[in-house]
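Understanding the architecture of this molecule
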Amino acid sequence: MTEEKTSVLVIYTGGTIGMTKDSLTGALVPFDFSNIYEQMPVLKNFDYKIDFHSFETLIDSSNMKPSFWIRLAEIIEDNYEHYDGFVVLHGSDTMAYTASALSFMLENLNKPVIFTGSQLPMGVIRTDGRENFLTSIEIAAAKEESMAIVPEVAIYFENQLMRGNRTTKFNAERFNAFVSGNYPLLADVGVHIRFNKSNILKPNFKKLKVHTRLDFNVTILKLFPGISENIVKNTLAIPGLKALILETFGSGNAPTDEWFIGCLEEAIKGGLIIYNVTQCKSGSVELGKYATSLGLERIGVIGGFDITTESALSKLMYLIGEGYPKDRMIELLQIPIRGEMTVE
Ligand code: ASP
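Residues numbered from 1 in each chain as written. Predicted model: local features only at pLDDT ≥ 70, side-chain atom pairs only at ≥ 80, totals over all residues. Heavy atoms only, no water.

Turning our attention to the domain arrangement of the protein chain. Examined at the domain level, the protein chain breaks down into domain 1 (6-210) and domain 2 (218-332). Taken residue by residue, the interface counts 14 residues in domain 1 and 12 residues in domain 2. Carbon and sulfur atoms make up 58% of the area that domain 1 and domain 2 hide from each other, which totals about 1,200 Å². When the buried area of domain 1 at its contact with domain 2 is split by residue, Tyr97, Phe104 and Asn182 rank highest and sum to 47% of it. Put simply, domain 1 and domain 2 have one salt bridge between them. (Domains from an automatic or database assignment. Contact = heavy atoms within 4.5 Å. Buried area = accessible area lost by both parts, 1.4 Å probe. Salt bridge = Lys/Arg side-chain N within 4 Å of Asp/Glu carboxyl O.)

Listed below in C-alpha cells is the structure:
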C-alpha cells in the first residue's frame, strides 16, 4: 500500500504577498494562484500535494473584518480532514489580530495553521514573500511520527515562527515585521528549520470544534497623560458595550484621580468587564505592584497579565459570544486557554 502524500491547503486572503506587477501597466495587481506552478516551478520540488483556495474578494488586511475570520475558520473546518496543514496568505497589517482570533475560534486544533505574508510583493525581485511562502508550506507539512510538529495557529515571518496569539506587528518597513514580546519562538529558520518543541502546544487528539459566535461589543481605550473625563465617560457610555480593554502604562498602572477610578467603578458595577492590558510590547500587568494600580484592583478591573491587545480583543469577543457566565469568564480571562498568556 502506498502512503498518501502530505497535503497542504493554501488559503489566499489578499495582502502584499499576493501582489505582482502587471506586465502591461506596471501596476500591482493580485497574483493569479491558479497557475502558481507555472509561476513558481520550485513548488514541484516539494513532495506534497498543495492546493489553493482563494477568497472571492481579496483584501488589504486593513479591511479585515470578523466576518472574514468566520469565513476563514469555516474554510479550515470544511477542509480539516482532507489536509495535513494550512497556510494562510494574509496582509501583515492585521495578521496578528486574525491569527489571535483564529486561535480562539479553532478549539482542539491538532494541525498547523501557519499565517504568512510579506513586506514586498511576490512579483518584486527582492521579495521576502517567496521565502516566507515556501518555508510556511514546509512548516505546515512538517510531521514527526505521523503527527504535526506545530499543531497550532502560528505566524511565520522572516526566519521566525511565532505563536499567533502572542504576536504584534511592530515594524512597517523591515522584513522582520512581527514581535512576540512575551513568548519564545516556536522555530528558528536558517539552513535548517529548528523547532523549539518545548515551546509548541501539544496535540490533544480531540475533535476540532469551531466557534463562530463572536460578540463585537468590545472596545479599546488607550491611556495617555492628560486623558480627559469627557473621553473616559463617553467611552464607557457606548450603548451595548460589554467589555473594555484598558491599555495601561507599564505593569498595569493608571491615573489615580478620583473621577477616573469612580467612572470605572460605576461601569464595572453596571456589568462592564474592564480588562487591563499593558501598552508595553513585553512584560506583564501586575495589579497592586504600584500604588497606581491598587485602585484598579480594588474596583474589580481584571488583570490581563502579558496578553497582547490583539489577543485580548478576540478572546473577549469569543468568550462573550460563547455566553459564559460572568464569573467563569472572569476566571478564563486570567488563565491561558490557547497559550495566549503566561500566569506566574
Ligand atoms: N496593507 C497590507 C495589508 O495588510 C500590507 C501587507 O500586506 O503587509 O494587507
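Across all of its chains, the model carries 17 salt bridges by this definition. With a shortest N-O distance of 3.6 Å, Asp47 and Lys5 are connected by a salt bridge. With Asp47 in the loop between helix H1 (36-39) and strand S4 (49-59) and Lys5 in the segment before strand S1 (7-14), this residue pair connects regions lying 42 residues apart in the sequence. On the basis of relative accessibility, which here comes to 48%, the residue Lys5 falls in the partly exposed class. Glu229 is paired through a salt bridge with Lys233; the nearest N and O atoms lie 3.0 Å apart. Linking Glu229 with Lys233, this pair stays in helix H5 (residues 229-236), spanning four residues, or about one helical turn. Judged by relative accessible area, Glu229 falls into the partly exposed class, the value being 32%. The structure contains a network of salt bridges with shared partners spanning Glu56, Arg71 and Glu74. (Helix = DSSP H or I, 4+ residues; strand = E, 2+ residues; numbered from the N terminus. Buried < 20%, exposed > 50% of the residue type's maximum accessible area, 1.4 Å probe, protein only.)

Glancing now at the layout of surface pockets. Take a probe with the size of a water molecule and roll it over the atoms, and the empty space left behind shows itself. Roughly 390 Å³ of volume is contained in the largest pocket. Along the walls of the largest pocket sit 23 residues, with Leu106, Glu107, Asn108, Ile337 and Arg338 positioned nearest its centre. Listing elements by their share of the lining of the largest pocket, those giving two or more residues are strand S6 (106-107), helix H8 (309-321) and helix H9 (326-332). In the lining of the largest pocket, the residues fall into 11 nonpolar, five polar and seven charged. When residues of the lining of the largest pocket are assigned to domains, at least three map to each of domain 1 (6-210) and domain 2 (218-332). (1 Å grid on protein atoms, 1.4 Å probe; cavity = no way out; pocket = protein on both sides within 12 Å on 5 of 7 lines; lining within 4 Å. Points joined across faces, edges and corners; volume = space filled by probe spheres on them. Nonpolar A, V, L, I, M, F, W, Y, C, P; charged D, E, K, R; others polar.)

Now for the sheet that holds strand S19 (residues 273-278). Read from one edge of the open sheet, four strands run S17-S18-S19-S20, paired in parallel fashion. Of all strands in the sheet, those with a lone pairing partner are strand S17 (218-222) and strand S20 (302-303), marking the two edges. Sitting on the sheet, H5 touches S17, strand S18 (243-248) and S19, and the angle it makes with S17 is about 170°. Where H8 meets the sheet, it contacts S17, S18 and S19, and its direction lies at approximately 165° from that of S18. (Pairing = 2+ DSSP bridges. Axes fitted to C-alpha atoms, helices over the stretch in contact; angles between N-to-C directions.)

Summarising burial for strand S5 (residues 85-89): five of the five residues are buried, a large majority. Examined bridge by bridge, S1 and S5 share five bridges and lie parallel to one another. Bridge pairing in S5 places Leu9 opposite Phe86. Pairing of S5 with strand S7 (residues 113-116), which is carried by four bridges, proceeds in the parallel orientation. In the strand pairing of S7, Leu89 is matched with Thr116.

What follows covers the packing of helix H2 (residues 66-79) against helix H3 (residues 95-105). One can describe the packing of H2 onto H3 by two numbers: an axis separation of 10 Å at closest approach and a directional angle of 50°. Taken together, the axes of H2 and H3 lie oblique to each other. Judged by the twist between their axes, the crossing of H2 over H3 is right-handed. Facing H2, whose interface residues are Trp69, Ile70, Leu72, Ala73 and Ile76, H3 presents Tyr97, Thr98, Ala101, Leu102 and Met105. When grouped by side-chain class, the residues that make up the contact of H2 with H3 number nine nonpolar, one polar and no charged. (Parallel < 35°, antiparallel > 145°, perpendicular 65-115°, else oblique. Left-handed = near helix turned anticlockwise from the far one by under 90°.)

Summarising the element assignment, Tyr97 is placed in helix H3. Among the residues examined, Tyr97 registers a relative accessible area of 28% and is labelled partly exposed. It is 29 Å that separates the C-alpha atoms of Tyr97 and Glu144, two residues lying 47 residues apart in sequence.

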